[in-house]
Amino acid sequence: MYKVLRIVRIAVAAVVAAVFAAVYWDVAGLGALLGEWLLNMQIVPALMTASVGWILIWLVVTLLFGRIYCSAICPLGSLMDACSAVANAARGRKGRKVYRYRGSITWIRILAVLALVEAGSLGFTLMVSVLDPAANFERACKVFGVLSATGYVGGGLVLGVLIAVAAMHKGRVLCNTVCPVGAILGGVTRLSMLSFDINPDLCTHCGKCEEVCKSRCIRSTESIVDNSRCVTCFNCTAVCPNGAITWRAGKHRLSWPLLQKIVSWRARTAPTSMATPDNAQAPEAKINKCNETILRPTEQDSPRGHAEE
C-alpha cells in the first residue's frame, strides 16, 4: 500500500509542478486563466492577504494528514526532489549517498517565521517574496523563459542553491530550516491525526528508513520520527522490510518490554522499623545502583502482584 501511496504522491507532485511551470511560462494562455487562482492558494500569499478560506483548508489538511502541502503541492519542494534525484542518478549506484539523521535547528525556523511576519506587517514585499517558496519556484522557471536580466540572475541563484543542496545530499534541509511555510506547518503537524510512527516490536534497526528520509528526521537506532519535519513522502514506509514504520493515528508501544531496568519491589518495601545503630541507614536508604537489575518484570515483582497479595 505504501509503495502505491509513494507513487501517487510523486505523480501528483509532478503534475502540480508542471502546471505551475506552465502558468509561469504562460503556455496556451494558462497564466491568465489560472495564475491568480494558483497564487491565492499558496500559503504565504494567503497569509499576507488574510485569505481565510485557503488558510482554513491548509490548516485542516495539515491537522489530518501532516505536511501534504510540502510533499505534493509546493512546487519548489518538488524541484528540490528532482534535483536530488538527478544528483543521485549521476553518482550511480556505487556512488549513491544515503541520508542520515540530523537534529532540528529550531531557532532558525523561528527566525524565518518572525521574518515573514515582520516583513508582511511592514510591507516589505521583497522580503516576503524571498521567503515564499512558490515565488522562488517562479524565479527558477523564468530562467528558461523570456525575462529581463534581473529575472535571470534571480532564477539562476535559486537554481544554483538547489543544485548545491542536492550535490551535498542535504535533501529537504531548506524546507526544514529557512522556509517559514515548513516551520508553520511543522508546528501544526505536531497535532495532526495521522503521523509516521515506528513499531519497536517490529523494528530491527536496519536503518533503511533513515537512509531514504530526505527530511533527515528519522533516528533509526532509537525508532524515533520527528513528524514536525516529515514531508510525508512515504519513502521510509516503502523500503521498510518488516512494515515497522507506518502512517497511522496514535503511537506504538512495546507489547511486552524485553528488557526493563527496575529496582526490586521487595527491597523498596522492606520494613524500616527494625532497630538499627544510630549511624546505620535504613534498608530502603541503602538501595543504590548495585541493587538495580535488568530483567523481565514478573507478577511477583510488580506492584500489582503485591497489592493482590
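Residues numbered from 1 in each chain as written. Predicted model: local features only at pLDDT ≥ 70, side-chain atom pairs only at ≥ 80, totals over all residues. Heavy atoms only, no water.

## Quick notes on the pattern of salt bridges
Then comes step 1: Counted by the stated rule, this structure contains five salt bridges.
Then comes step 2: For D81, the salt bridge identified is with R172, shortest N-O distance 3.0 Å. Taken as a pair, D81 in helix α6 (residues 75-95) and R172 in the loop between α10 (149-167) and α11 (180-189) lie far apart in primary sequence, 91 residues in all. In terms of burial, D81 and R172 fall into one category: buried.
Then comes step 3: Across the pair D81 and K214 runs a salt bridge, and its minimum N-O distance is 2.7 Å. Here D81 is found in helix α6, whereas its partner K214 is found in the loop between α12 (208-211) and β2 (218-219), with 133 residues between them in sequence. Here D81 and K214 have matching classes, each one buried.
Then comes step 4: Residues joined in a network through salt bridges with shared partners are R9, D81, R172 and K214. (Salt bridge = Lys/Arg side-chain N within 4 Å of Asp/Glu carboxyl O. Helix = DSSP H or I, 4+ residues; strand = E, 2+ residues; numbered from the N terminus. Buried < 20%, exposed > 50% of the residue type's maximum accessible area, 1.4 Å probe, protein only.)

## Regarding the nonpolar core
Then comes step 1: Residues Y69, L79 and F137 are the most contacted members of the largest nonpolar core, which totals 40 residues.
Then comes step 2: Here the element with the most residues in this core is helix α1 (residues 2-24); it accounts for six residues.
Then comes step 3: Once you skip the residues sitting within four places of it in the chain, Y69 turns out to touch Q42, I43, W58, C74, V181 and L185.
Then comes step 4: Core analysis: the second largest hydrophobic core is formed by 17 residues, L194, C230, C240 and I245 among them. (Core = buried A, V, L, I, M, F, W, Y, C linked by side-chain atoms within 4.5 Å. Contact = heavy atoms within 4.5 Å.)

## Describing the packing of α1 against helix α9 (residues 133-142)
Then comes step 1: At a closest axis distance of 10 Å, the pairing of α1 and α9 adopts a crossing angle of 65°. Between α1 and α9 lies a crossing whose hand is right-handed. When α1 is examined against α9, the residues A17, F20, A21 and Y24 are found in contact with a partner set consisting of A134, F137, E138, C141 and K142.
Then comes step 2: Along the lines of polarity and charge, the residues of the contact of α1 with α9 split into seven nonpolar, no polar and two charged. (Axes fitted to C-alpha atoms, helices over the stretch in contact; angles between N-to-C directions. Left-handed = near helix turned anticlockwise from the far one by under 90°. Nonpolar A, V, L, I, M, F, W, Y, C, P; charged D, E, K, R; others polar.)

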